[in-house]
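Notes for the structure review
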Amino acid sequence: MRYLESRKNLTGSACGIVGIALSFTGAAGSLWPLIVVALYAAGALIAPPERPPVPPFPNAEEQLDSLRADFATLRTYLAEVELPSAAAERLTELDTLVEALLEPGWVSDPEHLHVLARAVRQDIPEAVDTFVRTRWWSRVTPGAEPPERHLERQLAALHEEAGLIAAALQDAEAIRQEAHTRYLEERGKS
């Protein structure tokens, strides 16, 4: 059934119809069946191949749903981890910002989704897990920077990255609001 609807069959059939038309005009003579078959075969050979269908990738809303589920899993993990107070405060700030960004209707840009997904699925868990796995003696090694500072710096960098997304969304909303105001004012003057 797929071949009947294929480009090759349709092109071959169109060329075969040209062959039948030639036989009715008498140009094909007694070899008309051979000419019809030859034109059908030629049409089927020159027809472009079928294109495979585009894979059904998840849209932004489906990606956000999956990311929200992963964020809930991350929160469960983070609730079980003991962190120093400064790092815990940074993590709470980051958690609040990411939670706000994952609310429906805000993030739809694929780049922003990628940054958030990387933060939730990779960066935050890795930063916290690296801190948790740090041996106690590395915390008291003279001259070494404490792992708490590394964790705080990592969480600050992630907060800054998420803050850039929030700022971009805020700018987009301001532009949208300004454009709508201009539209309404111009509509009122017309």
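It should be noted that the structure appears before, not after, this text.
First things first, this report covers the structure right here in the doc. Small disclaimer: the values here were computed from a predicted structure and weren't measured. (Residues numbered from 1 in each chain as written. Predicted model: local features only at pLDDT ≥ 70, side-chain atom pairs only at ≥ 80, totals over all residues. Heavy atoms only, no water.)

The next thing to look at is helix α4 (residues 85-101). For α4, built from 17 residues, the straight-helix expectation of 24 Å at 1.5 Å per residue is met to within 8% by its first-to-last C-alpha distance of 24 Å. Those residues of α4 lying buried are Ala87, Leu91, Leu94, Asp95, Leu97, Val98 and Leu101. Tucked inside the fold, the buried residues of α4 contact α3 (60-79), α5 (110-133) and α7 (147-189). (Helix = DSSP H or I, 4+ residues; strand = E, 2+ residues; numbered from the N terminus. Expected span 1.5 Å × (residues − 1). Buried < 20%, exposed > 50% of the residue type's maximum accessible area, 1.4 Å probe, protein only. Contact = heavy atoms within 4.5 Å.)

Two elements in contact, α3 and α4, have axes whose closest approach is 12 Å; the angle formed by their N-to-C orientations is 165 degrees. As summarised for this structure, α3 and α4 are arranged roughly antiparallel, according to the angle between their axes. Regarding α3 and α4, the two cross each other, and that crossing is left-handed. Facing α3, whose interface residues are Phe71, Arg75 and Leu78, α4 presents Leu91, Asp95, Val98 and Glu99. Tallied by class, the residues present in the contact of α3 with α4 amount to four nonpolar, no polar and three charged. (Axes fitted to C-alpha atoms, helices over the stretch in contact; angles between N-to-C directions. Parallel < 35°, antiparallel > 145°, perpendicular 65-115°, else oblique. Left-handed = near helix turned anticlockwise from the far one by under 90°. Nonpolar A, V, L, I, M, F, W, Y, C, P; charged D, E, K, R; others polar.)

A word on the nonpolar core. Counting residues in each nonpolar core, the largest one holds 31 residues, and the members touching the most others are Leu83, Leu101, Ile124 and Leu151. When contributions to this core are tallied by element, the ones reaching two or more residues are α3, α4, α5 and α7. When residues of this core are assigned to their parent elements, the largest contribution, 10 residues, is made by α5. Sequence-distant contacts of leucine 151, that is, excluding residues within four places in its chain, are made with Leu83, Ala87, Ala127, Val128 and Phe131. (Core = buried A, V, L, I, M, F, W, Y, C linked by side-chain atoms within 4.5 Å.)

Let's shift gears to the packing of α3 against α5. Direction vectors running N to C along α3 and α5 enclose 15 degrees, while the axes themselves pass 10 Å from each other. With respect to α5, the element α3 is oriented roughly parallel. Handedness of the crossing formed by α3 with α5: left-handed. Side by side, α3 and α5 meet where Ala60, Gln63, Leu64, Ser66, Leu67, Asp70, Phe71, Leu74, Tyr77 and Leu78 of the first sit next to Leu113, Leu116, Ala117, Val120, Arg121, Ile124, Pro125, Val128 and Asp129 of the second. For the contact of α3 with α5, the per-class residue count stands at 14 nonpolar, two polar and three charged.

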